[in-house]
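Results of the structural survey
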Amino acid sequence: MRILVIEDERELARHICSALTRSGHLPSAIHDGAAGLQAALNDPPDLIVLDLGLPSLNGFGVLEKLRQMQSPARVIILTARGDVENRIKGLNAGADDYLAKPFAMDELLARVEALGRRSSISAAEDVLKVADLHLDVHRRKVWRGNTVIALSPRELELLHVLMQEPGRVFSRTELSERVWQRDHAYDTRTVEIFIVRLRKKIDAGFDQALIHTVRSVGYTIKAA
Ligand code: CA
């Protein structure tokens, strides 16, 4: 995968790049937010490892601009350990995953592989449908009625898992495992944030809500 590392700690950026290279990826590093954003827009990488504290433009600014420009790049943000607030802010701003500093390179590689995997989306399916909501699996396009809906890669995968079995209730743990491949560090908050993000895009402004919370069990998608 082509991976852009936007991290101003040069030593850390160098370590990340050499670990990624050893795993067969093609990383490049930029140590400044605005320059990183420019590089990501000019020549979109498959994945971006994005530090939050950056000179000239911080990670949130980079994220917002990327999502605004509908960049298809997957983004892993680097947060300080225990910094739940910024992690949540980053996920809300459109990040696909996060990693808390300091982290083991193996953990970074595992996150990168998990995001790089084109998930469980198989070639057998075509267009999934729930009420007027459609997901074209091959083209990775979503629309509701005549409205095209832009989703980030992780939002799309979450929606895909839900839409494969309309009416089935998925627990947060299962969604965490299937979408984020986070089996040991199971993280309900991330799932909740992404459900909120999906609802804003899929249900807000439409007469019928399709994503439903089943109290103390989980989430399901279905026509009312
Ligand atoms: Ca930094």
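For the structure itself, look to the data block above.
Remember, predicted model here, so these are calculated numbers, not experimental data.

It is worth spelling out the coordination of the calcium ion at this point. Distances from the calcium ion to its protein donors, namely Asp8 (OD), Asp51 (OD) and Gly53 (O), fall within the range 2.1 to 2.4 Å. Going along the chain, you hit the donors of the calcium ion in the pattern D-x42-D-x1-G. Placement of Asp8 in the loop between strand S1 (2-6) and helix H1 (10-22) and of Asp51 in strand S3 (residues 47-51) is noted, with a sequence separation of 43 residues between them. With relative accessibility at 6%, the residue Asp51 sits in the buried group.

Let us now look at the pattern of salt bridges. Counting across every chain of the model gives 21 salt bridges. Notably, a salt bridge pairs Asp43 with Arg2, separated by 3.0 Å at the nearest N-O pair. With Asp43 in the loop between helix H2 (33-42) and S3 and Arg2 in strand S1, the pair connects residues that are 41 residues apart, well separated along the chain. A single salt-bridge network, built from bridges that share partners, covers Glu7, Glu9, Asp51 and Lys101.

Moving on, we get to the pairing of strand S8 (residues 141-144). The side-chain alternation of S8 yields one buried face, formed by Val142 and Arg144, and one unburied face, formed by Lys141 and Trp143. Here strand S7 (residues 133-136) pairs with S8 via 4 bridges, running antiparallel. Paired with Asp136 across the bridge in S8 is Lys141.

Sheets are built from strands paired through backbone hydrogen bonds, the pairs being either parallel or antiparallel. Read across the open sheet, the 5 strands follow the order S2-S1-S3-S4-S5; overall the sheet is parallel. Pairing within the sheet leaves two strands with one partner each, and these edge strands are strand S2 (26-30) and strand S5 (97-101). Neighbour-to-neighbour, the strand axes of the sheet open up by a mean angle of 20 degrees, direction not taken into account. Two strands pair when backbone bridges link them, and S3 and strand S4 (residues 74-80) are joined in this way by 5 bridges, in the parallel orientation. Bridge pairing links Leu50 to Ile77 in S4. Across the sheet, H2 lies against S1, S2 and S3, angled at about 165 degrees from S1, the strand it touches most.

Here is what the cut-offs are and how they apply
- Residues numbered from 1 in each chain as written.
- Predicted model: local features only at pLDDT ≥ 70, side-chain atom pairs only at ≥ 80, totals over all residues.
- Heavy atoms only, no water.
- Donors = N, O, S within 2.8 Å, 3.2 Å for Na, K, Ca; no water.
- Helix = DSSP H or I, 4+ residues; strand = E, 2+ residues; numbered from the N terminus.
- Buried < 20%, exposed > 50% of the residue type's maximum accessible area, 1.4 Å probe, protein only.
- Salt bridge = Lys/Arg side-chain N within 4 Å of Asp/Glu carboxyl O.
- Pairing = 2+ DSSP bridges.
- Axes fitted to C-alpha atoms, helices over the stretch in contact; angles between N-to-C directions.
- Contact = heavy atoms within 4.5 Å.

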